[in-house]
Amino acid sequence: QQQVKQSPQSLIVQKGGISIINCAYENTAFDYFPWYQQFPGKGPALLIAIRPDVSEKKEGRFTISFNKSAKQFSLHIMDSQPGDSATYFCAASMSRIDMRFGAGTRLTVKP
Amino acid sequence: SQTIHQWPATLVQPVGSPLSLECTVEGTSNPNLYWYRQAAGRGLQLLFYSVGIGQISSEVPQNLSASRPQDRQFILSSKKLLLSDSGFYLCAWSVRTGELFFGEGSRLTVL
């Protein structure tokens, strides 16, 4: 069952633009919401994460916005660069044990 | 520092043959261990996770099984592979913070 729904499936952004990826979850027991970045042929790596008691978290050009009442969270990549081209996964877990991932968004940043 | 090793990296197997993928973690004790599958163009599907030796939780029973014979060793097996078992298999570990650390993956093609 898909407990985390992610959109869009693919995204093309011009260099310097803002990339926005959205996720929605169903289980209100989720208490940890990370984003992972995956380059072709590699395993995903943690990019940034947020807890439900925080509405926004920023690390460099990457920001998570979290809306607990709507059960939605999103990743914003400011000043997108070609090196950001990768697949991005949102995820959610309960008690930090079983991590459930969204379907992924393939981001292409054009120079 | 912690490292995760996963092998083999690539394998091609006929339908009906057995499967064994191995994963070991170094530099940490009592990690949570995971097996995920990533089908082409799709997200990460949680197959199994383990919070300790001999403790396996299954999300997708199908024809796959997992075992944890040692604290830092996780094995994914099948007695008879199906065409639908083709995919990119990722082993991962985590500690209490919830961050998942993925291996390099094993690409399985069933013919």
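Residues numbered from 1 in each chain as written. Chains lettered and ligands numbered in written order. Predicted model: local features only at pLDDT ≥ 70, side-chain atom pairs only at ≥ 80, totals over all residues. Heavy atoms only, no water.

*Asks:* In this structure, what is going on with a nonpolar patch on the surface? I would like to understand it.
*Replies:* On the surface, a cluster of nonpolar side chains totalling about 240 Å² of accessible area is made up of A:I18, A:I20 and A:M78. Mapped onto the elements of the fold, A:I18 is located in the loop between β2 (10–14) and β3 (19–25). (Patch = residues over 30% accessible without salt bridge, like charges linked within 9 Å, V, L, I, M, F, W, Y side chains within 5 Å. Areas by Shrake-Rupley, 256 points an atom, 1.4 Å probe, with all protein chains shown as cover. Salt bridge = Lys/Arg side-chain N within 4 Å of Asp/Glu carboxyl O. Helix = DSSP H or I, 4+ residues; strand = E, 2+ residues; numbered from the N terminus.)

*Asks:* What's the story with the interface of chain B and chain A in this structure? I'm lost.
*Replies:* Where interface size is quoted, it is often the accessible area lost as the parts come together. With 23 residues of chain B at the interface, the matching set in chain A holds 18 residues. For the pairing of chain B and chain A, the buried interface totals around 1,600 Å² over both sides, and the portion due to carbon and sulfur atoms is 52%. On inspection of chain B and its partner chain A, the count reaches two salt bridges. With its nearest N and O atoms 3.1 Å apart, the salt bridge here joins A:K42 to B:E104. Linking chain B with chain A are six residue pairs in polar contact (both at pLDDT 80 or more). Residue assignment for the side of chain B that touches chain A shows that the elements contributing at least two residues are β4 (32–38), β5 (44–52), β9 (87–94) and β10 (100–102) of chain B. Of the residues that constitute the side of chain B that touches chain A, the class distribution is 10 nonpolar, eight polar and five charged. (Contact = heavy atoms within 4.5 Å. Buried area = accessible area lost by both parts, 1.4 Å probe. Polar contact = N/O pair within 3.5 Å; in protein donor to acceptor, adjacent residues only side chain to side chain. Nonpolar A, V, L, I, M, F, W, Y, C, P; charged D, E, K, R; others polar.)

*Asks:* It is not clear to me how the side chain of B:R37 should be interpreted in this structure. Could you clarify?
*Replies:* Residue and element names in this part refer to chain B. The residue R37 is located in strand β4 in this model. Of the residues examined, R37 reaches a relative accessible area of 7% and is grouped as buried. A polar atom in the side chain of R37 sits 3.1 Å from the side chain of Y89. Beyond its immediate chain neighbours, meaning those up to four positions away, R37 contacts G43, L44, Q45, L47, Q62, L64, S84, D85, S86, F88 and Y89. (Buried < 20%, exposed > 50% of the residue type's maximum accessible area, 1.4 Å probe, protein only.)

*Asks:* I tried to follow the nonpolar core on my own but got confused; where do I start?
*Replies:* Across soluble globular proteins, nonpolar side chains show a tendency to be buried alongside one another. Counting 24 residues, the largest nonpolar core has A:F33, A:W35, A:F73, A:L75, A:Y88 and A:L107 as its most contacted members. Counting residues per element, the ones that place at least two in this core are β2, β3, β4 (33–38), β5 (45–50), β7 (62–67), β8 (72–77), β9 (86–94) and β11 (105–110) of chain A. Ranked by the residues each element gives to this core, the list is headed by β9(A), at four residues. Non-local contacts of A:Y88, meaning those with residues more than four positions away in its chain, are made with A:Q6, A:I21, A:Y36, A:Q37, A:L47, A:L75, A:I77, A:G104, A:T105 and A:L107. By size, the runner-up hydrophobic cluster in this structure holds 21 residues, among which are B:L33, B:V60, B:A66 and B:Y89. (Core = buried A, V, L, I, M, F, W, Y, C linked by side-chain atoms within 4.5 Å.)

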